[in-house]
There are 2 protein chains.
Amino acid sequence: MADKVLIYSRFPKTMMARFAERFELLDTGGKKATEAFSADELGGIRALLTAGGSPLGAEAMDLFPKLGAIVCYGTGYDGVDLNAAAARNITVAHSPGANAASVADIAMTLMLATTRRILVADQYVRSGDWAASKQSPMMRPQAGMPGRRIGVYGMGEIGRKIAARCAAFESEVGYFSRTKYDLPYQYFPTLEALADWCSVLMIAVRAGAETQHAVNADILKRLGADGYVVNISRGSVIDEKALVAALTDKTIAGAGLDVFEKEPHAPDALTALPNVVFAPHIGGHTLESHVAMQGCVLANLTAFFEGKPLPYAVKSA
Amino acid sequence: MADKVLIYSRFPKTMMARFAERFELLDTGGKKATEAFSADELGGIRALLTAGGSPLGAEAMDLFPKLGAIVCYGTGYDGVDLNAAAARNITVAHSPGANAASVADIAMTLMLATTRRILVADQYVRSGDWAASKQSPMMRPQAGMPGRRIGVYGMGEIGRKIAARCAAFESEVGYFSRTKYDLPYQYFPTLEALADWCSVLMIAVRAGAETQHAVNADILKRLGADGYVVNISRGSVIDEKALVAALTDKTIAGAGLDVFEKEPHAPDALTALPNVVFAPHIGGHTLESHVAMQGCVLANLTAFFEGKPLPYAVKSA
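Analysis parameters
- Residues numbered from 1 in each chain as written.
- Chains lettered and ligands numbered in written order.
- Predicted model: local features only at pLDDT ≥ 70, side-chain atom pairs only at ≥ 80, totals over all residues.
- Least-squares fit on C-alpha atoms with pLDDT ≥ 70 in both.
- Contact = placed C-beta atoms within 7 Å.
- Pairing = 2+ DSSP bridges.
- Helix = DSSP H or I, 4+ residues; strand = E, 2+ residues; numbered from the N terminus.
- Axes fitted to C-alpha atoms, helices over the stretch in contact; angles between N-to-C directions.
- Right-handed = clockwise from strand over helix to strand, strands pointing away.
- Nonpolar A, V, L, I, M, F, W, Y, C, P; charged D, E, K, R; others polar.
- Core = buried A, V, L, I, M, F, W, Y, C linked by C-beta atoms within 7 Å.
- Buried ≥ 20, exposed ≤ 12 C-beta atoms within 10 Å, placed from the backbone.

Undergrad: Describe the relation of the copies chain A and chain B, naming the residues involved and giving the relevant values.
TA: After a rotation of 180° and a shift along the axis of 0.0 Å, chain A superposes on chain B with an RMSD of 0.1 Å. Both chain copies can therefore be described as sitting about a two-fold axis. A shared interface surface links the copies, since 100% of the contact residues of chain A are contact residues in chain B too.

Undergrad: Break down the sheet that holds strand β5 (residues 91-93) of chain A for me, with residues and values.
TA: All names here are of chain A. If you trace the five strands from one edge of the open sheet to the other, you get β2-β1-β3-β4-β5, paired in parallel fashion. Sheet topology places β2 (24-27) and β5 at the edges, where each strand pairs with a single neighbour. Each strand axis lies, on average, 25° off the axis of its neighbour in the sheet, ignoring direction. Relative to strand β3 (residues 47-51), strand β1 (residues 4-7) is paired through three bridges, and the arrangement is parallel. For Leu6, the partnering residue across the bridge sits in β3 and is Leu48. Lying on the sheet, helix α1 (residues 13-20) is in contact with β1 and β2; it crosses β2 at an angle near 150°. The sheet contacts of helix α13 (residues 287-305) involve β1, β3, β4 (69-73) and β5, and relative to β4 the element is tilted by about 170°.

Undergrad: Provide a residue-level description of the sheet that holds strand β5 (residues 91-93) of chain B, including the pertinent values.
TA: Whenever strands of a sheet pair, they do so through backbone hydrogen bonds, lying parallel or antiparallel. Residue and element names in this part refer to chain B. Overall, parallel pairing links the five strands, which are arranged β2-β1-β3-β4-β5 in an open sheet. Across the chains shown, the open sheet's two edge strands, defined by having one partner strand only, are β2 (24-27) and β5. Taken over all neighbouring pairs, the strand axes of this sheet differ in orientation by 25° on average, direction set aside. Of the strand pairs in this sheet, strand β3 (residues 47-51) and strand β4 (residues 69-73) are connected by five bridges, and their pairing is parallel. Bridging across to β4, Leu48 finds its partner in Ile70. Across the sheet, helix α1 (residues 13-20) is in contact with β1 (4-7) and β2; its angle to β2 comes to roughly 150°. Contacts between helix α13 (residues 287-305) and the sheet are confined to β1, β3, β4 and β5, with β4 contributing the most and set at about 170° to the helix.

Undergrad: I'd like a rundown of the pairing of strand β7 (residues 172-176) of chain A, residues and numbers included.
TA: Residue and element names in this part refer to chain A. Across five bridges, strand β6 (residues 149-153) lies against β7 in parallel orientation. Within β7, the position partnered with Gly151 by the bridge is Gly174. Regarding the hand of the β-α-β motif, the stretch spanning β6, helix α8 (residues 157-168) and β7 is right-handed.

Undergrad: Lay out the interface of chain A and chain B with the relevant residues and their values.
TA: Taken together, the 47 residues of chain A in the interface contact 47 residues of chain B. Secondary-structure elements contributing two or more residues to the side of chain A that touches chain B are α6 (100-115), α7 (118-126), α8, β12 (276-278) and α13 of chain A. With eight residues, α6(A) is the single largest residue contributor to the side of chain A that touches chain B. Residues belonging to the side of chain A that touches chain B are distributed by class as follows: 28 nonpolar, 12 polar and seven charged.

Undergrad: Go over the nonpolar core with me, naming the residues and quoting the values.
TA: Residues Ala107(A), Met202(A), Ile203(A), Ala107(B) and Met202(B) are the most contacted members of the largest nonpolar core, which totals 139 residues. Ignoring sequence-local partners within four residues, the contact set of Met202(A) consists of Ala107(A), Met111(A), Ile150(A), Gly151(A), Val152(A), Tyr153(A), Ile162(A) and Val230(A).

Undergrad: Tell me about the environment of Leu67(B), and please be specific about residues and values.
TA: Residue and element names in this part refer to chain B. With respect to the secondary-structure elements, Leu67 resides in the loop between α4 (58-61) and β4. Between the C-alpha atoms of Leu67 and Ala143, which are 76 residues apart in sequence, the distance is 53 Å. Residues within four places of Leu67 in sequence aside, it is in contact with Ile45, Arg46, Leu48, Met61 and Ile90.

Shown next as structure tokens:
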């Protein structure tokens, strides 16, 4: 009999095909687990697969008395209550680094699209305004990448890949993280100092209680009227209300956002703004990134059911 | 009395302010020179400033019997008949390299925006389709940058900057140019071979008679159904009709275009396509690029009126 895995979050069916070859999947299809399956079925569950950003606390864990492994699809595991898991002897695992390049690339895409105003540019050509030689204030020359000061918030695998890419664009790179690393970029001891220095703030920090709303009205003000913010981490790191205000009153010049506080919802006040480029949380959304993340999931689940240590277990609980 | 310079192409007035401090400008404002000024006025013109892509042949040169210098704003000078200029002892000068980083950056912007489908992504969020969990075939995962084969056509300053940036994205880089250089990228002896190998063709070659329609139906077919073409050079390098056909029948996956055959006009059949990202020839359009190009123009004009060799003269005529 195949080992059973509860699919706790909503994933595309095509994506689940590779897992279904090895495990019996109980797919909630986005419904509550208790609505999708009987208490009896849930009682036998030893492993579940979830999106790391989806809330998964003590109460949910208690639905599965035999649960031994929570496997997150992707790098993040901010939705999982690590203390509650540890108290129940549940191992939490993820897919570290598997999507780092893909996420770093969406950060670069959003930064370039925002600073070079590519949405406005595309519309200017498509609408015929260019052919009609209509003036467009939004198409005035902007600062480019050489010499631009890019501030990277968080220096994990994604932050390092963003920094390396920005350096190739002849930009200056600075960063703030809890730890100062041996890297060829300027270290700033606080987020405030980084925001004062840089003109683009790239948010690549791991989400959690200590980074909740770290990018607030004060930080945005420090970025200034020529400043941009790009977020490919989690929506929770930015105070979204403060961001809407800063974009509306031109406290900052623009933003590129792949993540939001309440996905898949982005506030109307935000999506109405012309100086933002949006993406629907597609940072890790490339073919090779999915293959790599699926590889981590399979390795984690296989090891668990064989009674071995999970290769990509989250280190500290 | 200040030296007179005829402004032969249409430039923003704000951009001319720096030149007006040093020279007396006769600005055609985009009109024909003979309509804007009397034959007498034109007869005294010794230097003119033009956009390098604007046609400027023997007949036009003969309007200015005293013309000694044609100064192009930007890197290109493909609109200028070099043989006609040489026959009249007119020096042609440009702004080499001044906008190379800015143009390379728009190439990267267009490649990333096209391959990661950022226009569709932005619209998917803004329209509310994401919030409504609507399926979007255009939002399926695509190949990312690591391991992607990028073919650079032309290895001048812009091509080299594109190649360096792509390498930082962990892509493989190949190139075709008349000359094989000592560079850490794979050299292909023909454009056909490069197109067979790569999945993104970045056009960075200098425009001219020998590159006219070099990217034709055959080259596009070699790129294949997963292939993209990005053009930041000149519209003349691509057979635009063949491109429209290839994009329409999915011979290739998409395109990113900053330049067109008949600017500022882009054909309706092209601008109606969803798998293209457009920009209105803004490659060199950054603040620092304009400052650098203006520096070259001032240096060229100053040297000319002082009777010295022009520092950025076009080498071969």
